[in-house]
Amino acid sequence: IELHTDNLEKYFTPRPKVNWPPLSAMSAHDTQLIGSGITTVLDAVALGDYRDGNRQENLDQFINTVAESQKRGLTRAEHRIHLRCEVPHSTTVGLFERYVNMPEVQLVSLMDHAPGQRQFVNIDKYRTYYQGKYNMTDAEMAVYEKDQVAQSQRWSKQNRDEITRQCRGLNIPTASHDDATSAHVTESKELGMVIAEFPTTVEAAKRSHELGLKVMMGAPNVIRGGSHSGNVAAHELASLCVLDILSSDYYPVSLLDAVFTLVNDERNNLDVAQAVQLATLNPAQSLGLTDRGVIAEGKRADLVLAHRLDDHQLVSRVWREGKKVF
């Protein structure tokens with residue numbers, strides 16, 4: 001069960017300014033996920049990232065294609081929608097309200113990627129990431145940083161409060177993103193969040209776990225041995241028994257590999273069953289999906305057959321609701 005994958009966008013826009021036919025893109029995306037052993041997936045779409053104009057222009061197409069493909073039974077995995085709300089922007093709440101009442105929306109997360117905030121407390125890491133992503137000069141980067149800080153100060157709290165208020169009324173689960181301090185976590189709990197996505201410090205992860213938020217970390221973090229942003233390593237949280245959920249994030253095949261990487265890491269005390277729950281039972285429970293996540297009578301027969309090849313778990317067969325789909 002995958003709660004946060006950014007993989008969909010790669011197929012809709014495989015190269016800059018190249019738009020791929022929607023159902024073909026969806027089919028390729030779905031094939032990669034099911035081939036990675038993922039049978040339930042929340043496709044994450046970003047709201048409010050105004051600099052990336054192509055992403056915003058494609059929002060309707062992303063979301064409508066996911067919904068249409070499910071209605072027509074065109075995918076082998078079950079796809080739902082995760083709205084990733086960049087709170088430091090004036091457009092975010094309006095975009096959120098445009099989509100939130102769709103039945104496919106199953107999770108909403110709130111994030112602030114401004115410099116000095118949460119994921120990017122380390123400004124050097126922030127500059128390396130965004131200068132590389134947008135190919136900016138130092139002068140352009142300085143202007144961009146200043147603008148992002150101003151946007152965060154103007155919109156973040158207001159948007160965070162409003163989006164979580166509406167989600168509580170609609171009974172849609174919400175997730176924090178990149179919490180770094182106990183104060184961040186306390187705020188997330190008070191706003192009704194149930195998942196802590198990618199906390200950046202041990203302090204935030206421990207506090208999230210104590211307050212009952214399911215702590216999610218990236219499977220690529222496990223495979224690579226640490227965070228690409230210089231934040232806390234997932235294996236460290238596993239060793240402290242405060243890791244609840246794994247997400248493949250930007251690399252689908254990493255999910256199954258990360259489960260067994262954690263099992264084989266002597267720094268952890270996870271057996272196979274406990275590690276598997278990070279990608280099955282725990283994410284199902286966080287969304288209130290009581291029909292899946294375990295192998296038991298009366299539950300969906302979503303099953304994966306895989307075997308180990310060197311350090312990789314090679315998926316041989318996948319069943320969804322008892323039907324072979326891969």
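Residues numbered from 1 in each chain as written. Predicted model: local features only at pLDDT ≥ 70, side-chain atom pairs only at ≥ 80, totals over all residues. Heavy atoms only, no water.

Draft legend 1. Seen up close, the packing of helix α5 (residues 92-99) against helix α7 (residues 138-170). Where α5 meets α7, the closest approach of the two axes is 10 Å, and the angle between their N-to-C directions is 15 degrees. Considered as vectors, α5 and α7 are oriented roughly parallel to each other. In the crossing of α5 with α7, the sense of the turn from one axis to the other is right-handed. Residues Thr92, Val93, Phe96 and Glu97 of α5 form the contact with α7, whose own contacting residues are Asn159, Glu162, Ile163, Gln166 and Cys167. Split into classes, the residues belonging to the contact of α5 with α7 amount to 4 nonpolar, 3 polar and 2 charged. (Axes fitted to C-alpha atoms, helices over the stretch in contact; angles between N-to-C directions. Helix = DSSP H or I, 4+ residues; strand = E, 2+ residues; numbered from the N terminus. Parallel < 35°, antiparallel > 145°, perpendicular 65-115°, else oblique. Left-handed = near helix turned anticlockwise from the far one by under 90°. Contact = heavy atoms within 4.5 Å. Nonpolar A, V, L, I, M, F, W, Y, C, P; charged D, E, K, R; others polar.)

Draft legend 2. Broad picture of the nonpolar core. With 31 residues, the main nonpolar core has Leu47, Leu83, Phe96, Val108 and Ile163 as its most contacted residues. The set of elements that each furnish at least two residues to this core consists of α1 (8-12), α2 (22-35), β2 (40-47), α4 (59-71), β3 (78-86), α5, β4 (105-111) and α7. Among the elements that make up this core, the one with the highest residue count is α4 (5 residues). The residues contacting Leu83, other than those within four sequence positions of it, are Val45, Leu47, Ile63, Phe96, Tyr99, Val100, Val105, Leu107, Val108 and Ser109. Judged by nonpolar contacts, the second largest core, of 29 residues, contains Val41, Val242, Leu246 and Val315. (Core = buried A, V, L, I, M, F, W, Y, C linked by side-chain atoms within 4.5 Å. Buried < 20%, exposed > 50% of the residue type's maximum accessible area, 1.4 Å probe, protein only.)

Draft legend 3. A look at the sheet that holds strand β5 (residues 174-177). Spatially, the 8 strands line up as an open sheet ordered β1-β2-β3-β4-β5-β6-β7-β8, and their pairing is parallel. This sheet does not close on itself; its edge strands, each paired only once, are β1 (2-5) and β8 (245-247). Averaged over all pairs of adjacent strands, the angle between strand axes in this sheet comes to 30 degrees, irrespective of strand direction. Both β1 and β2 contribute to a ladder of 2 bridges, which runs parallel. Across the sheet, the residue bridging to Thr5 is Asp43, located in β2. (Pairing = 2+ DSSP bridges.)

Draft legend 4. Region of interest: the pairing of strand β7 (residues 214-218). The element β7 is extensively covered by neighbouring structure, given that 4 of its 5 residues are classed as buried. Where strand β6 (residues 195-197) meets β7, 3 bridges bridge the pair, whose relative direction is parallel. When the bridges of β7 are listed, Ile195 appears paired with Lys214. What joins β6 to β7 is helix α9 (residues 202-210), and the crossover it makes is right-handed. (Right-handed = clockwise from strand over helix to strand, strands pointing away.)

Draft legend 5. Summary view of the sheet that holds strand β10 (residues 312-320). Judged by pairing direction, the sheet is antiparallel, and its 3 strands sit side by side in the order β9-β10-β11 without closing on themselves. Since the sheet does not close on itself, it has two edges, and those belong to β9 (303-309) and β11 (323-324), each with one partner. Of the strand pairs in this sheet, β10 and β11 are connected by 2 bridges, and their pairing is antiparallel. Bridge pairing in β11 links Trp319 to Lys324.

Draft legend 6. Representation of the state of the cysteines. Per the counting criterion, the structure on display carries 0 disulfides. With no disulfide of its own, Cys167 lies 7.1 Å from the sulfur of Cys85, the closest cysteine sulfur. (Disulfide = S-S within 2.5 Å.)

Draft legend 7. Representation of the packing of aromatic side chains. Under the defined criterion, the tally for this structure stands at 1 aromatic pair. Taken together, a centroid distance of 4.8 Å and an interplanar angle of 85 degrees make the contact between Phe12 and Phe62 edge-to-face. Of this pair, Phe12 sits in helix α1 while Phe62 sits in helix α4, placing them 50 residues apart in sequence. Judged by its relative accessible area of 1%, Phe12 falls in the buried class. (Phe/Tyr/Trp six-rings, centres within 6.5 Å; stacked < 30°, edge-to-face > 60°.)

Draft legend 8. Layout of the pattern of salt bridges. Per the counting criterion, the structure on display carries 15 salt bridges. With a closest N to O distance of 3.5 Å, Asp311 and Arg308 form a salt bridge. The class of Asp311 is exposed, set by a relative accessible area of 63%. When the shortest N-O distance is used, the salt bridge between Glu321 and Arg320 registers 3.8 Å. Residues joined by salt bridges that share partners form a network here, namely Glu78, Arg80, Asp291, Arg292, Arg300, Asp302, Arg320 and Glu321. (Salt bridge = Lys/Arg side-chain N within 4 Å of Asp/Glu carboxyl O.)

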